[in-house]
Every structure is written in structure tokens, then in C-alpha cells.
Amino acid sequence: MVYFLNDVEHKYVILNLRPKIRANPVPEELRGWNWHSPPLKPYYDVRLPMYLICSTYCKTARDVYLSMVKREKGEEDFSIVLGRVIHESVANAIREAKKLNFDAKPKIQGNEAIQRAANLVWDYTMSACKSAFLRARAEQPYASEEDVISTSMPFLVEHRMDGSLLGCSGIIAVDCYDYLRNIVFDVKLASSTSTRLYTTGYALVIESLYEIPVDIGCTVSISFKEDRMTISKDIYYIDANLRSWWIEERDKKAEIVYNQVDPGRPAECNPKCMFRSICL
């Protein structure tokens, strides 16, 4: 499933990442629970959406200026709409699976390509959840049904969090948090510009609210070709470098909004930028 790790990925986490984390732990000042002290303490009284902090579409961050200062809406292209539908399909499939409603069908509005992609993701996710549940139930004969669900599908999906302590907008939805293995996930279309900043931001917000360390992130890339879906995972240590990078991006973009200064257009515009037609 999108958020289940296979045997090889489990071995990589246990034998590679976990020892690396123990040998080189994150400095305390870069833990989310130190939101009230520099460098995590927001320098400007500005609240930014997570997607703008982590966006790498615009090299000068003019998308932040247009969105937050000029209040431009931007234009959603096919990939943005598809990405949103994929997120909804995965989250809703897991919610239905946790109700043991494995025969549920997706309710997706969109053209044929979007519906086909949503059905592929839904069927794949539902099958994996059902298999995990049946396996856990067989291996835990004395566990309650609730316990089997909690251990076979240990995922908080689209979990709403308040990111204001770290200078983020009030409500942030983390794609998925595996509360048994302490891994935070971010789902992206393989064709989109994705970075490890999203999971880093999610990890920092989780730490700021619940004061538990979150050290491992996973970016899940999904691609579609006709009637086939391909999934790949990038699993990594959310180390001091990633945390420092996230803080730099937040502060740089918050300064643009606070001072209301147009940073100008980049030398080259990303063709997938929502504000491309407005910026040009």
C-alpha cells in the first residue's frame, strides 16, 4: 500500500536509518518543541501555508508574494487537480478500510483520466489494507477488533494540526503519520516538483504539538500510464540539515510577506507554476 513499507524498506529503516539517527541525533534547538526559541521561533508575525513554505516552483518565491500579498488565486492545471484527487482517494480508502467496509467504492468527480487514476489508487489501497487486517487478525487471535485495526493500519491520514507555533497557517493536514513506526509521509505525483521539505515541516509541527521526536520521512511518488500505477518511495532521516533548510525557507518567505516586497520574476519560470500566466 502507499503507506505500507515492504520487507526491503523495513530493513533499510531498521538497519540503516535507525542506527544513523542514534549516532547523529538532531540537536535540541531544531526539535519542534523548541518553537519558542531561536532558530525555530518565527521572526515575523506571519502565518504561511505549508505548501508555500515548501514550494520549489519559483526560484525567487514570487508565488508567495502573489498569493499572500497580492491575494492572487492562481490557476490549477490537470496535475494539481489529479494530485488533490489522489490524496482524497488514498485517505478515504483508509477511512473506509478502518470501518472494515472493504467493498466501498470511490466517489470521485472528474474526467475519465482522473476517475481511472482514482480507481487504481483506491483498489490498490483497499486491497493492501484488507490483506494487512486479515493477516493481523490471524496472528492475533485474542485481540479485539479495534486492536487489530489499530495495529494493522496504524495511520493517521489527513490529520489536522495547528501549525501556528512555527509560523504556519492555523490548520495543516499531514498526508499520513504512522504512529507505530513514527514515520511521516508525503504523497506526490511523480511528475511534480517534490522535496523533502514537506515531511520536515510536518515532523516539526508534530513535535511542536505532541513533543515526540519524528526522525523519519517518506516521500511517496505515484505515476500513471494507461491502466497501470507505479509507486516509488524515498525514505530518509529528517536531520539537522533538512530542518535548517525548512527554517530558512519559512523565514525567507515570511520576510517577503511581512515587508510586502516583490522579489521579481525568476530567470526561468516553471511551466507547472499556478501563477505563471499572472506572473508573465
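Described below are features of the structure shown in this document. These numbers come from a predicted model, not from an experiment.

Ordered by their spatial adjacency, 5 strands build an open sheet running E1-E2-E3-E4-E5, and the pairing between neighbours is mixed. Every interior strand has two partners, whereas the edge strands, strand E1 (155-161) and strand E5 (228-237), have only one. Averaged over all adjacent pairs, the angle separating strand axes in this sheet is 35°, with direction ignored. Across 7 bridges, the pairing between strand E3 (residues 183-189) and strand E4 (residues 216-225) is parallel. Counted as the bridge partner of Phe-185 is Cys-218 from E4. Contacts between helix H7 (residues 197-210) and the sheet are confined to E1, strand E2 (172-178), E3, E4 and E5, with E3 contributing the most and set at about 145° to the helix.

This part covers the nonpolar core. Ranked by size, the top nonpolar core spans 88 residues in total, and within it Met-1, Tyr-3, Ile-86, Val-184 and Trp-246 carry the most contacts. Top element by residues in this core is helix H5 (residues 112-139). It accounts for 11 residues. Filtering out sequence-adjacent residues up to four positions away, Met-1 remains in contact with Ile-94, Tyr-124, Thr-125, Ala-128, Cys-129, Phe-155 and Lys-233.

Reading guide: rules and limits
Chains are numbered independently. Their residues run from 1 in the order of the written sequence. pLDDT decides what is reported in this predicted model: residues at 70 or higher carry local features, side-chain atom pairs at 80 or more are listed and counted, and totals for whole chains, interfaces and linings draw on all residues regardless. Side-chain metrics in this entry use all non-hydrogen atoms of the structure; hydrogen atoms and water are not considered. Paired strands, as defined in this entry, are two strands with at least two bridges between them according to DSSP. Only runs of H or I of at least four residues qualify as helices and only runs of E of at least two qualify as strands under DSSP, and these elements are numbered from the N terminus. Inter-axis angles, ranging from 0 to 180 degrees, are taken between N-to-C directions of lines fitted to C-alpha atoms, where helices are fitted over the stretch in contact. Any two residues having at least one pair of non-hydrogen atoms within 4.5 Å are treated as being in contact. Joining through side-chain atoms within 4.5 Å is the link that ties buried Ala, Val, Leu, Ile, Met, Phe, Trp, Tyr and Cys residues into a set, and such a set is a nonpolar core. Residue exposure (1.4 Å probe, protein chains only): buried if accessible area is under 20% of the type maximum, exposed if over 50%, otherwise partly exposed.

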